[in-house]
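A structural walkthrough
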Amino acid sequence: MQFDSEYDGIILGSGHNGLVLQAYLCRAGLKVLCLERNDTAGGGLRTEQLPGGSGFHHNTHSFYHRALTRMPWYRQLELEQHGARYIEPELNVCLLPADGGALEWWTDFDRTVESFARFSRRDADALKRWREEFVPIVENILLPEAQSEPQPPEERAAALQRSPEGRRLLEVSQLSPREFAAREFEHPVVQAGLLFFNGLREVDLRASGFGHHIPALLASPGKAQMCVGGSAQLARALVSVIEKAGGEVRTGVTPERMVVEADGSSGPGRVTGVQTTAGESIRARQFVASSLNPQQTFLELIGGDKIDPHLKERAENFKYSPVTPVYTIHLALDEQHLWAAAEWEPQAKDAWLIIMGVESTEDVKVLEADCRAGRFPSRLQLFGGVPTVFDPWQAPKGKHAAWFWQVAPYNLKDGGPDRWDDIIDEVTEKETELITEFAPNINKDTIVHSFGLSPVDIERHFPNMREGDWMCGELNPDQFLYNRPFPECSQYRTPIEGLYIAGSCCHPGGNITGAPGYNAAKIIVEDLGLERWWTPPDLEKIWGGLE
Ligand SMILES: Cc1cc2nc3c(=O)[nH]c(=O)nc-3n(C[C@H](O)[C@H](O)[C@H](O)COP(=O)(O)OP(=O)(O)OC[C@H]3O[C@@H](n4cnc5c(N)ncnc54)[C@H](O)[C@@H]3O)c2cc1C
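What counts, and where the lines are drawn
- Residues numbered from 1 in each chain as written.
- Predicted model: local features only at pLDDT ≥ 70, side-chain atom pairs only at ≥ 80, totals over all residues.
- Heavy atoms only, no water.
- Helix = DSSP H or I, 4+ residues; strand = E, 2+ residues; numbered from the N terminus.
- Rg over C-alpha atoms; globule rule 2.2 N^0.38 Å.
- Contact = heavy atoms within 4.5 Å.
- Buried < 20%, exposed > 50% of the residue type's maximum accessible area, 1.4 Å probe, protein only.
- Arc of directions from axis to C-beta.
- Polar contact = N/O pair within 3.5 Å; in protein donor to acceptor, adjacent residues only side chain to side chain.
- Disulfide = S-S within 2.5 Å.
- Near = heavy atom within 4 Å.
- Nonpolar A, V, L, I, M, F, W, Y, C, P; charged D, E, K, R; others polar.
- Pairing = 2+ DSSP bridges.

Our next topic: the overall build of the protein. Of the regular secondary structure elements, the protein holds 17 helices and 19 strands. Taken over C-alpha atoms, the radius of gyration comes to 23 Å for the protein, in line with the 24 Å a tight globule of 547 residues would show. The dimensions of the protein, computed from C-alpha atoms along their principal axes, are 75 × 60 × 50 Å. Look at the contacts in the protein between residues 6 or more apart in sequence, and 72% of them connect residues 24 or more apart.

So this is what it looks like as structure tokens:
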């Protein structure tokens, strides 16, 4: 086969996972090309000036990045030297019940405890107890595990059984998040806040195996952070690292198929390059790594008829979550909003992330049930913030850009996904009404401009987020840890020689964590026999040290 150009490796998709992977491999001395179908690199790290020339910048596909500056790649890639800078607002998250009070998560843990105590003394004590117990579990088990290739289930269980922390983790994870919240906390607002903010849209709240999710987040050392200059600034920093190390990111290029050549064995062959829709053939001397979803990688870009039927079935059956899609409303505001809650809770005016309409576990349950049944949510529950309070650059002087999203199903029972285009104005209006209830000066007079993005728009923009699932694959017990995306590909390798996967369909999943890309880099460097220039966590040693 004749190729037009050649590289050591090709990465498909320039989301942050693809870029993190590329940066590590370029720094390991490889010549790597990344191909991106959209006009800008960064995937979910997207900041758009809308309308063009207005000076209002909107982060359309990721608004806050949890504990980002604590990620090993942020430090190892020296991203601050390439223009990244993060802030972590002190009043990190604030849930506003309609009839008063405010449930607050502060960067200062003692202030969070005080806030919980205003709802229930018992819940404040439970918060303290669980955090104390889970800090070592997060530090020594969960964080290093997220930054390593996942262990086979029996090996993992055996290793965890050997330490008190491991045994406790296994015990707590037997519960579902719902059971955990109901058993350990008593106040309806506290229970609802924990489920809404620390569970819904990430894991299945009903599923056993995820009970540890809530205490793990309570004990997490890092809170929600935002990138100064918008989320896209992190993408620019990553591209700068890549270019400095000799890599290339090409946007507006769509891969049509991967070239798989017979390698003389009876196996599926070896991937040797990529052909684009523009007819260009690019050779990959050593590897191709896809940060796309399993259907795209195996069925569309290789072809279901060219792979083992078992692998084909695995890819076909990879599932997407009905509760992660969101409908997002973006607002350009003429003046700074004032939360009505600031009257009784003056610090609420400085809150970063706001939750509205969530008052009890029943609310969360109803929202989840509506989504699973394909109904537009019967009770609006908004989550959002106004980044420009903390980073004025993102709007013209004195003005503000805000976002709020509503978890909502992709496939509407009445009319299917296409119905979203018909109801977008109606939904925007409904959401705006709820926002006005909580911040009366966000209204028709102060909203200069608004637009909405539906679950269908998410998929249109990023086809890897199939069915609007921004986790790029449901996090359920069958698609978690060693089972993500499925056991045959859980180590970032695939049954096709030279082909790796590295996106959010891999362990540990979606959101801006960079972990799938970081973990895949370790595997590829090892397989190619290159010197690893960084030190990833040594899980065996860390877990062994707990015994
Ligand atoms: C509305 C919304 C809000 C969100 N808010 C947050 C948030 O606040 N915090 C957070 O942590 N996460 C958030 N997320 C989730 C987060 O954006 C994703 O989980 C994350 O971006 C996934 O990263 P990735 O690198 O795996 O893939 P992506 O970022 O999706 O990148 C994949 C890239 O591949 C490209 N691509 C797709 N198909 C092809 C193809 N065939 N060929 C070539 N390129 C292709 C895409 O254009 C994209 O650039 C949000 C998502 C959405 C949709």
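Right, picking up where we left off after that structure.
The next subject is helix α3 (residues 109-119). Buried residues of α3: F109, T112, V113, S115, F116 and F119, and no others. Projected down its long axis, α3 carries its buried residues within an arc of 160°, all on one side. Between the side-chain oxygen at the start of α3 and the backbone nitrogen of D110 there is a gap of 3.1 Å, and the oxygen is on D108.

For the rest of this paragraph, the subject is the state of the cysteines. According to the stated counting rule, one finds 0 disulfides in the structure shown. Cysteine C26 shares no disulfide, and the gap to the nearest cysteine sulfur, in C34, comes to 9.7 Å. With no disulfide of its own, C505 has C506 as its nearest cysteine by sulfur position, at a separation of 4.1 Å. Classification of C505 by relative accessible area gives buried; the value is 2%.

Not every one of the 32 residues close to the ligand is listed here, only the nearest: E36, Y64, N464, W470 and S504. One of the side-chain N or O atoms of E36 is found 2.6 Å from an oxygen atom in the ligand. The separation between an oxygen atom of the ligand and a polar side-chain atom of N38 is 3.2 Å. For the shell around the ligand, the secondary-structure elements that each account for two or more residues are α1 (16-27) and β14 (326-333). Along the lines of polarity and charge, the residues of the shell around the ligand split into 12 nonpolar, 18 polar and 2 charged.

Right, let's get into the pairing of strand β15 (residues 353-356). In β15, alternate side chains face the same way, and those of L353 and I355 on one face and I354 and M356 on the other are all buried. Here strand β7 (residues 91-96) runs beside β15; their pairing, made up of 4 bridges, is parallel. Paired with L95 across the strands is I355, a residue of β15. Of the strand pairs in this sheet, β15 and strand β16 (residues 382-385) are connected by 4 bridges, and their pairing is antiparallel. Bridging from a neighbouring strand, I354 pairs with G384 of β16.

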